[in-house]
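Working through the structure, step by step
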Amino acid sequence: VNEDFQRIRERLAQLEKVQNKRVRNVFADDSTAEQEMANLCDAISGFFKRCEGRIHEIATRGSELGVTKGDNKMRMAAQRGLARTLQDLSKQFKDLQKRYLSQLRSRQSGPSGDLIDDSNEDGGFNTTQLIELDEAESMAAHRSKEINRGATQIN
């Protein structure tokens, strides 16, 4: 599990770099960066799911051999600690996504704070890009809820 935590941290750092690059070039049509961000988000989500499963296994693995009360307490403490770390990493992921979307939205805003009209060809997001932003934000919020639910079940 700790190795997966490290992989999540590494992928979060990579994602942040790609997002920062994308924010600096918000008006460029950079589908490569978009695809890289999607791949990193998928990888991070996969690591979260794998960690969650492994944390659940702590309580059951080897239990058929008989578990003492002390062993059970130790397993539960380990689960809680790992779940807390997973929850912290999930929060970092959610905050990273939220910050990215916020930066993109602020970059697309005109001087008055109104969204730039789609017909303006020299800047702003088109409708498709705005929908993609909303979908990414929704996916991040959904994944965060799943991880929090898993962490709550462990506690």
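Please read these numbers as outputs of a predicted model, since none were measured by experiment.

Conventions used here
Residues numbered from 1 in each chain as written. Predicted model: local features only at pLDDT ≥ 70, side-chain atom pairs only at ≥ 80, totals over all residues. Heavy atoms only, no water. Axes fitted to C-alpha atoms, helices over the stretch in contact; angles between N-to-C directions. Helix = DSSP H or I, 4+ residues; strand = E, 2+ residues; numbered from the N terminus. Parallel < 35°, antiparallel > 145°, perpendicular 65-115°, else oblique. Left-handed = near helix turned anticlockwise from the far one by under 90°. Nonpolar A, V, L, I, M, F, W, Y, C, P; charged D, E, K, R; others polar. Core = buried A, V, L, I, M, F, W, Y, C linked by side-chain atoms within 4.5 Å. Buried < 20%, exposed > 50% of the residue type's maximum accessible area, 1.4 Å probe, protein only. Contact = heavy atoms within 4.5 Å. Expected span 1.5 Å × (residues − 1). pLDDT = per-residue confidence, 0-100. Salt bridge = Lys/Arg side-chain N within 4 Å of Asp/Glu carboxyl O.

**Focus: the packing of helix 1 (residues 2-24) against helix 2 (residues 31-60)**
- Interhelical geometry of helix 1 versus helix 2 gives an angle of 160 degrees and a closest axis separation of 9 Å. Compared by their axis directions, helix 1 and helix 2 come out roughly antiparallel. Relative to helix 2, helix 1 is oriented so that their crossing is left-handed.
- Broken down by class, the residue content of the contact of helix 1 with helix 2 amounts to 14 nonpolar, two polar and eight charged.

**Digging into the nonpolar core**
- Residues Ile8, Leu15 and Phe48 are the most contacted members of the largest nonpolar core, which totals 24 residues.
- Every element with two or more residues in this core is listed here: helix 1, helix 2 and helix 3 (69-108).
- No other element matches the nine residues that helix 2 contributes to this core.
- Among all residues touching Phe48, those that are not within four sequence positions of it are Ile8, Leu86, Leu89, Ser90, Phe93, Arg143 and Ile147.

**Details of helix 2**
- Over its 30 residues, helix 2 extends 44 Å from the first C-alpha to the last, a length consistent with the 44 Å expected when each residue adds 1.5 Å.
- If you check which residues of helix 2 are buried, you get Ala33, Met37, Leu40, Cys41, Ile44, Ser45, Phe47, Phe48, Cys51, Glu52 and Ile55.

**Section: the environment of Leu96**
- Note on placement: Leu96 falls in helix 3.
- Taking relative accessible area as the criterion, Leu96 reaches 6% and is therefore assigned buried.
- For the pair Leu96 and Leu12, spaced 84 residues apart in sequence, the C-alpha to C-alpha distance is 8.1 Å.
- Leave out the neighbours within four places in its chain, and Leu96 touches Leu12, Leu15, Glu16 and Gln19.

**Topic: the environment of Gln153**
- Looking at the element boundaries, Gln153 is found in helix 4 (residues 127-154).
- A C-alpha to C-alpha distance of 9.5 Å links Gln153 and Ala83, two positions 70 residues apart in sequence.

**Observations regarding the packing of helix 1 against helix 3**
- The N-to-C vectors of helix 1 and helix 3 enclose an angle of 5 degrees; their axes lie 11 Å apart at closest approach. With respect to each other, helix 1 and helix 3 are oriented roughly parallel.
- Residue composition of the contact of helix 1 with helix 3, grouped by class: twelve nonpolar, seven polar and six charged.

**Comments concerning the confidence of the model for the chain**
- Per-residue confidence for the chain gives a mean pLDDT of 79; residues scoring 70 or more make up 75%.
- Mean pLDDT values for the elements of the chain range from 69 in helix 4 up to 91 in helix 1.
- Counting interchain partners and residues more than four positions distant, the pLDDT-below-50 stretch residues 111-123 has eleven contacts.

**Considering the pattern of salt bridges**
- Scanning all chains against the criterion turns up seven salt bridges.
- The salt bridge involving Arg50 is made with Asp4; its shortest N-O contact spans 2.5 Å. In this pair, Arg50 is assigned in helix 2 and Asp4 in helix 1, connecting sequence segments 46 residues apart.
- Owing to a relative accessible area of 0%, Asp4 belongs among the buried residues under this scheme.
- As a salt-bridge pair, Arg22 and Glu34 come within 2.5 Å of each other at their nearest N and O atoms. With Arg22 in helix 1 and Glu34 in helix 2, the pair connects residues that are twelve residues apart, well separated along the chain.
- On the basis of relative accessible area, Arg22 is assigned to the buried category, the value being 5%.
- Relative accessible area serves as the criterion here: at 31%, Glu34 is assigned to the partly exposed category.

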